[in-house]
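These are the residues of each chain, in order.
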Amino acid sequence: MNELVLVKYGEIILKGLNRPLFEDKLVRNIKAVLHDLGKIKITRAQATIYIEPVTDNIEISKIIERLKKVFGIVSISRVAKVEKDIDSIKKKAAEYLLPVLANHKTFKVETKRADKRFPLKSPEISREVGGYILSQITHLKVDVNNPDIVVNVEVRDTSAYVYTEKISGVGGMPIGTNGKATLLLSGGIDSPVAGWMIAKRGVEIEAVHFFSYPYTSERAKDKVIELTKILASYCGKIKLHIVPFTDIQLKIHEKCPDEQLTLIMRRFMMKIAEKIALKNNSNALITGESLGQVASQTIQSLGVTNAAVDLPVFRPLIGMDKDEIVAIARKIETFEISILPYEDCCTVFVPKHPKTKPQLSKLLESESHLDVEGMVDTAVNETEVLEIVIER
């Protein structure tokens, strides 16, 4: 049986003269996630990508599972390829789809006739195919309004295709089409979701984690590596920068007012992340902050945090509540790891009464007692870099 996978994409279609660039990148990303399965033929035409196994032992199900995490893909369908004549189409539809149709009571046929030279129009093809299926599977009935299952027929330039299932992809834009950004990745729920959301817009991401050993354990570090692996399953390889942060926190605690600790710590994080980002050609920073969620995420606090850097800061969660963020975390399978009880550096030296309406001038005055530039440079120079690649 000639089985293959049809991949459909969405907003790429709207890219006008730049559309081929986005399509080419999506095809390259698909090839990258499938490269180790065997020889696969990948072609594209009419806003569809055709993925056809050449090696006999390649499982279609494995192809589909990997494609589910490729940004840019809207739907995935396992299909049978058939010659472009109506008798072949209707016979193949009944034969190929029999195991699925046998478990349902009602159906309808929907046809897309992309090749306008085909002698029958879409409604006529649907009637022919539906009538033949009824003659072969006698318990079925047609229900055009609320069917149990839909039989899809596509008549394209060189061949026709029949299938039932349209598996949802993650959508978005192909990774690598919208620059690079650096994610401040804690071990919590929010930041992995923020990174995933920006990556979905076609942005290549790197990650920076601030590690406060011995106040945070090696398990906390391992937790962040596992979160990065999940993100890498969507994004491809990710460079993870692990910054030693304990000395900076101790110096801030020693020389700055207690109520300013969290904000000055956040400003150091931003400065370090920016320096790492610029060294690695990133165009922006990403954080998991949500307005008003904690004291360091008030409008005033975010303002003084932004003032620490020149790069733009993306906050995709800014208007979301915790339930909305958790729902995405569960969907992308980071939630269970994020809630493991291994604390990150943000839980170290937490002030009892943090400032919620800070003044930048007072923070700068406190920072004047620190060797900010030297502390940042030391942290960047001592940063451990891991390249996280998914092992398949």
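Anything mentioned here points back to the structure above.
On a predicted model such as this, the values are computed, not experimentally measured, just so you know. (Residues numbered from 1 in each chain as written. Predicted model: local features only at pLDDT ≥ 70, side-chain atom pairs only at ≥ 80, totals over all residues. Heavy atoms only, no water.)

## A word on the overall build of the protein chain
Next, step 1: Within the protein chain one finds 13 helices and 15 strands.
Next, step 2: Expressed as lengths along the three principal axes of its C-alpha atoms, the size of the protein chain is roughly 85 × 40 × 35 Å.
Next, step 3: Per-residue burial over the protein chain gives 52% buried out of 392 residues.
Next, step 4: Residue pairs at least 24 apart in sequence account for 79% of intrachain contacts in the protein chain once pairs closer than 6 positions are excluded.
Next, step 5: For the protein chain, the centre of its 55 positive side-chain charges and the centre of its 51 negative side-chain charges are spaced 5 Å apart. (Helix = DSSP H or I, 4+ residues; strand = E, 2+ residues; numbered from the N terminus. Buried < 20%, exposed > 50% of the residue type's maximum accessible area, 1.4 Å probe, protein only. Contact = heavy atoms within 4.5 Å. Lys, Arg positive; Asp, Glu negative; His and termini not counted. Charge placed at Lys NZ, Arg CZ, Asp CG, Glu CD.)

## So, the side chain of Thr 164
Next, step 1: You can see Thr 164 is positioned in the loop between β8 (160-163) and β9 (167-168).
Next, step 2: Judged by relative accessible area, which is 18%, Thr 164 ranks as buried.
Next, step 3: Thr 164 has contacts with Leu 97, Val 100, Ile 149, Val 150, Val 151 and Asn 152, leaving out every residue within four places of it along the chain.

## Digging into helix α4 (residues 122-136)
Next, step 1: The end-to-end C-alpha distance of α4 is 21 Å, a good match for the 21 Å that 15 residues give at a rise of 1.5 Å each.
Next, step 2: Along α4, the residues that are buried comprise Ile 125, Ser 126, Val 129, Gly 130 and Ile 133. Along the axis of α4, the buried residues cluster in a sector spanning 120°; they form a single face.
Next, step 3: Packed against the buried residues of α4 are α3 (86-101), β5 (106-113) and β7 (149-155). (Expected span 1.5 Å × (residues − 1). Arc of directions from axis to C-beta.)

## As for the packing of helix α8 (residues 261-279) against helix α9 (residues 299-306)
How two helices sit against one another is set out by the angle between their axes and by the gap between those axes.
Next, step 1: The interhelical angle for the contact between α8 and α9, taken along N-to-C directions, is 40°, at an axis separation of 9 Å. When the axes of α8 and α9 are compared, the pair comes out oblique. The two elements α8 and α9 meet at a crossing, and its hand is right-handed. Contacts between α8 and α9 involve Leu 263, Arg 266, Arg 267 and Met 270 from the former and Ser 301, Val 304 and Thr 305 from the latter. (Axes fitted to C-alpha atoms, helices over the stretch in contact; angles between N-to-C directions. Parallel < 35°, antiparallel > 145°, perpendicular 65-115°, else oblique. Left-handed = near helix turned anticlockwise from the far one by under 90°.)

## As for the sheet that holds strand β11 (residues 204-211)
Next, step 1: Pairing within the open sheet is mixed, and its six strands lie in the order β14-β13-β10-β11-β12-β15. Strand pairing shows two members of the sheet lacking a second neighbour, β14 (313-314) and β15 (384-388), which therefore form its edges.
Next, step 2: When β11 meets strand β12 (residues 238-244), the two strands line up parallel, connected through five bridges. The residue of β12 that forms the bridge with Val 208 is His 241. (Pairing = 2+ DSSP bridges.)

## A look at the packing of α3 against α4
Next, step 1: Direction vectors running N to C along α3 and α4 enclose 50°, while the axes themselves pass 9 Å from each other. On the basis of the axis angle, α3 is oblique to α4. Between α3 and α4 lies a crossing of right-handed hand. Residue-level inspection shows Ile 86, Ile 89, Lys 90, Lys 91, Ala 93, Ala 94 and Leu 101 of α3 in contact with α4, the latter providing Ile 125, Glu 128, Val 129, Tyr 132, Ile 133 and Gln 136.

## Quick notes on the environment of Asn 57
Next, step 1: The topology assignment puts Asn 57 in the loop between β3 (48-53) and α2 (60-67).
Next, step 2: Taking the C-alpha atoms as reference points, Asn 57 and Lys 39, separated by 18 residues in sequence, lie 9.9 Å from one another.

## Describing the side chain of Ser 159
Next, step 1: Summarising the element assignment, Ser 159 is placed in the loop between β7 and β8.
Next, step 2: Judged by its relative accessible area of 8%, Ser 159 falls in the buried class.
Next, step 3: Setting aside residues up to four positions removed in sequence, Ser 159 forms contacts with Lys 81, Val 82, Lys 84 and Glu 154.

## Regarding helix α5 (residues 190-199)
Next, step 1: Among the 10 residues of α5, nine are classified as buried, and the element is accordingly described as predominantly covered.
Next, step 2: Three or more residues of α5 are buried, namely Asp 190, Ser 191, Pro 192, Val 193, Ala 194, Gly 195, Trp 196, Ile 198 and Ala 199.

## Considering a nonpolar patch on the surface
Next, step 1: A surface patch of nonpolar side chains, amounting to about 230 Å² of accessible area, comprises Leu 134, Val 142 and Val 144.
Next, step 2: Turning to its location among the elements, Leu 134 is positioned in helix α4. (Patch = residues over 30% accessible without salt bridge, like charges linked within 9 Å, V, L, I, M, F, W, Y side chains within 5 Å. Areas by Shrake-Rupley, 256 points an atom, 1.4 Å probe, with all protein chains shown as cover. Salt bridge = Lys/Arg side-chain N within 4 Å of Asp/Glu carboxyl O.)

## Points about the environment of Asp 377
Next, step 1: Locating Asp 377 in the fold gives a position in helix α13 (residues 372-381).
Next, step 2: A C-alpha to C-alpha distance of 10.0 Å links Asp 377 and Ile 276, two positions 101 residues apart in sequence.
Next, step 3: Within the structure, the side chain of Asp 377 is placed 2.3 Å from the side chain of Lys 275, a separation counted as a polar contact. (Polar contact = N/O pair within 3.5 Å; in protein donor to acceptor, adjacent residues only side chain to side chain.)

## Description of the pairing of β5
Next, step 1: Within β5, six of the eight residues are buried, leaving the element largely enclosed by the surrounding structure.
Next, step 2: Pairing geometry for β5 and strand β6 (residues 141-142), over two bridges, is parallel. Each bridged residue has a counterpart across the sheet, and for Phe 107 the counterpart in β6 is Val 142.
Next, step 3: In this sheet, β7 lies alongside β5 in parallel orientation, the contact comprising seven bridges.

## Describing the pattern of salt bridges
Next, step 1: On inspection of all chains with the given rule, the structure shows 24 salt bridges.
Next, step 2: One salt bridge in this structure joins Arg 44 and Asp 24, with 2.6 Å as the shortest N-O distance. Here Arg 44 is found in strand β2 (residues 40-45), whereas its partner Asp 24 is found in helix α1 (residues 19-34), with 20 residues between them in sequence.
Next, step 3: For Arg 44, a relative accessible area of 33% translates into the label partly exposed.
Next, step 4: Note on Asp 24: relative accessible area 31%, which makes it partly exposed.
Next, step 5: Between Glu 384 and Lys 221 there is a salt bridge, and its shortest N-O distance comes to 2.8 Å. A residue pair is termed long-range when its members are at least 10 positions apart, and Glu 384 in strand β15 and Lys 221 in helix α6 (residues 218-235) qualify at 163 residues.
Next, step 6: The exposure class of Glu 384 is partly exposed, given its relative accessible area of 33%.

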